[in-house]
Amino acid sequence: MRFKLVIFTVLFSFYCQPFFGQNQKVDSLEALINSGIRDTTMVNRLLEISVILNKDEPDLAQKYANDAIEIAKELNYKKGLAYGYKNLGLPLYFKGELNNELVGYWKESLDIFNEIGDKQGISNLQSNIGSIYQTKGDDPTALSYFLNSVRLAEEIGDSLRIATAYLNIGSVYSNETLTYAQALEAYKKSKKIFDAIGYQEGVGYAAINMAELFLKENNPKSALNVLDESIIALRKSGGNIATSLIMKGQAHSALGEFGMADSYLKEAITVSTQKDSKIEESKAYIELGNLYNKQDKLTQATENYLKGLNITETTLVYRDKRDVYDGLARTYSKLGDYENAYTYQKLFSAMRDTIRNSDYEKTVGDLRFQFDIENKEKEIELLNAENELKQVELERATVTKRYFLVVAALLLLIAIGFISRYRFIKKSNKKLAEERNKAETILLNILPKETAEELKVSGKIKAKEFEQITVLFTDFKEFSVAAEEIAADSLVKSVDYYFSKFDSIIEKNNLEKIKTIGDSYMCAGGLPTKNKTNAEDAYNAALEIMKFVNETEKNPPKGIHPFQIRIGINTGPVVAGVVGTKKFQYDIWGSSVNIAARMESSSEAGRINVSENTYQILKDKFDFNYRGIVKVKNSQSLKMYFAEG
């Protein structure tokens, strides 16, 4: 079980400092409100009270936020109105009710901040909305909001938001075993900044995420040390310690100390129930189910899993649903109830696919690129400084040598020295030019020309949005069967034969190769240079690819295994950029890519399957056969058309 915690501020930019859980402060503010007039000062006081109450008395906090919104509307006080909608959503978030009502409040707040150009408010709400999607398991959408928040935070020098960014980046790195070290480094940086600005709640959450890494690395003792630190920090700030208690239960379970684990998990349920923190409550029940399952107390395990599952119907957190489905499948299997075990195993598989769809790796890779490229720039600056120093030392040595030659050999040796230097410089420049040309050739083989130029000029590449491009996917029929039946060298030779031809076809049709994954080939038109012919270009390339594959199947060259092919095409918006820091890769992501993949997987051998978007663009130029509405992965239903002729 894993926890992805995201910090978001509850500060107002027009207040000097936040106030939490101070009844005396609430009383004094209410007194001022009752004796005051309906002006912006009253709006600010109402908002301040709602912040103080949002964790302990959420319903009352929402009442004050609504009162602030009402007066702000009367006064046309946009800033107060924006914070009012933000505060209206905070109690829902703390209660774990991540529903459309919460998203609606915060998107309304974000729209108003955008309208008045309040960069701190915009950054804050982008981070808040991202935290909803990340908690629910939709990392690609969350990362889009986080990246926008980080850019603004750096622009205005918001230390709290920058520290939060490191926490989010650490969460991304924690998804992969190979990047645990980078995740831990990001968490430490986040914790250091939080500590420096005195934000104890942030210190507590950073410590929790560090503990999660230690548990993943089977180091429960180190996890317990930082969890104690997290509890101290969260108690200082009045934060919720339920998550720390849950993870202490996990750590003691890993050490075989089941009694201690049981005690901490039950305490976590008590704390989360008192604070009406539904997400933490559901996680505690799920972990208690895991603990009982581990001890073969299967009836108790089932009871706790079902309690956790019931709460997820309110929280809508996909990862918790996935974990409880997995636990119930394993428990029913142990009980011999294979019908229920099979039912929950299917639910587990479906939820796992929903969380980590085909867009996931591309999107999180972009965030890793953004983070790593900044560190790489620092390394480059240091390297340039060292090179400049070496150059100064080299020039100094050359001057000394030249002076000695002047004294020793007069004009003749001076002339020889100048000639030698001229030849050396000429030779060095030639060598340097050759190496530069090699480097540029390699870069152009990896990245589109425009993207490569951007990297050379600025040292980094910004992700770009394209309103309309066309994505083409191909896939060989029964490739896995062929892979088992023919020799590896013959298989590689065959795939290379097809893909090399595909490369020349797409280049001729003005398409950009994106990547190959196994026997799947992906390319796109309309980027990096925008054009209006990308749909027709992709369709013509698909026809040529299909013709080539069919001819090869009829008359395969010696040593080439013949395949049949499926092709899928979709047109729509995407985001494009570069992922990776050591092996650059130009990539695209977005729902348009997903739909193109669904077109390919729902196609048939020897057929070109296009989406509704592509059909509407090409229907007057080419013939298509409407297939109807076809159900695809993740319960989507899409209109599809087969190309005719």
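Residues numbered from 1 in each chain as written. Predicted model: local features only at pLDDT ≥ 70, side-chain atom pairs only at ≥ 80, totals over all residues. Heavy atoms only, no water.

Novice: Just to check I follow, could you spell out the overall build of the protein for this structure?
Specialist: Helix and strand content of the protein: 24 helices and 8 strands. Within the protein, residue pairs in contact and separated by at least 24 positions form 66% of the contacts whose partners lie at least 6 positions apart. (Helix = DSSP H or I, 4+ residues; strand = E, 2+ residues; numbered from the N terminus. Contact = heavy atoms within 4.5 Å.)

Novice: Help me out: how do you make sense of the pairing of strand β5 (residues 585-589) in this one?
Specialist: Two faces make up the sheet, and in a regular strand the side chains alternate between them. Counting buried positions over the 5 residues of β5 gives 4, a clear majority of the element. Across 5 bridges, the pairing between strand β4 (residues 565-579) and β5 is antiparallel. Its bridge partner being in β5, Val 579 is matched across the sheet by Gln 585. (Buried < 20%, exposed > 50% of the residue type's maximum accessible area, 1.4 Å probe, protein only. Pairing = 2+ DSSP bridges.)

Novice: I keep staring at helix α11 (residues 220-237) and nothing clicks. Help me out?
Specialist: Working note: α-helix, 3.6 residues per turn, so residues spaced by three or four point in the same direction. With 18 residues, α11 should reach 26 Å at 1.5 Å per residue; the first-to-last C-alpha distance of 25 Å fits that figure. If you check which residues of α11 are buried, you get Pro 220, Ala 223, Leu 224, Val 226, Leu 227, Ser 230, Ile 231, Ala 233, Leu 234 and Ser 237. Of the surrounding secondary structure, the elements contacted by the buried residues of α11 are α10 (200-216) and α12 (242-254). (Expected span 1.5 Å × (residues − 1).)

Novice: In this structure, what is going on with the pattern of salt bridges? I would like to understand it.
Specialist: Opposite charge on two side chains allows them to pair when their charged atoms are near. In total, this model carries 25 salt bridges according to the counting rule given. One salt bridge connects Asp 118 with Lys 79, and the closest N-O pair in it is separated by 3.7 Å. Pair noted here: Asp 118 is in the loop between α5 (100-116) and α6 (119-136) and Lys 79 is in helix α4 (residues 78-95), with a separation of 39 residues, a long-range link. A salt bridge links Arg 330 to Asp 326; the shortest N-O distance between them is 3.5 Å. Within this pair, Arg 330 and its partner Asp 326 are both found in helix α16 (residues 318-335), separated by 4 residues, close to a single helical turn. Exposure remark for Arg 330: the relative accessible area of 37% places this residue in the partly exposed category. (Salt bridge = Lys/Arg side-chain N within 4 Å of Asp/Glu carboxyl O.)

Novice: How should the environment of Ala 251 be read in this particular structure?
Specialist: Relative to the helices and strands, Ala 251 resides in helix α12. Separated by 40 residues in sequence, Ala 251 and Ala 211 have C-alpha atoms that sit 9.1 Å apart. Beyond its immediate sequence surroundings of up to four residues, Ala 251 is in contact with Leu 215, Pro 220 and Leu 224.

Novice: Sorry, what's going on with the environment of Leu 288 here?
Specialist: Within the secondary structure, Leu 288 is located in helix α14 (residues 278-294). In the structure, Leu 288 is positioned 16 residues away from Asn 304 in sequence and 6.5 Å away in space, judged by C-alpha atoms.

Novice: Even after reading the chapter, I still don't get the confidence of the model for the protein, so can you show me in this structure?
Specialist: Do not read the fine detail of predicted coordinates wherever pLDDT is low. The share of residues in the protein with pLDDT of 70 or more is 81%, and the mean pLDDT across the chain is 82. Counting interchain partners and residues more than four positions distant, the pLDDT-below-50 stretch residues 1-22 has 90 contacts. Across residues 371-376 the pLDDT falls below 50, and counting only partners more than four positions away or on other chains, this stretch makes 11 contacts in the model. (pLDDT = per-residue confidence, 0-100.)

Novice: When you look at the packing of helix α2 (residues 40-53) against helix α3 (residues 58-75) in this model, what are you seeing that I'm missing?
Specialist: When two helices pack together, their arrangement is given by the angle between the helix axes and by the axis-to-axis distance. In the contact formed by α2 and α3, the axes pass within 8 Å of each other and the chain directions differ by 160°. The angle between α2 and α3 places the two elements in the roughly antiparallel class. Relative to α3, α2 is oriented so that their crossing is left-handed. Listed contacts from α3 to Thr 40, Met 42, Val 43, Leu 46, Leu 47, Ile 49, Ser 50 and Leu 53 of α2 are Pro 58, Leu 60, Ala 61, Tyr 64, Ala 65, Asp 67, Ala 68, Ile 71, Ala 72 and Leu 75. (Axes fitted to C-alpha atoms, helices over the stretch in contact; angles between N-to-C directions. Parallel < 35°, antiparallel > 145°, perpendicular 65-115°, else oblique. Left-handed = near helix turned anticlockwise from the far one by under 90°.)

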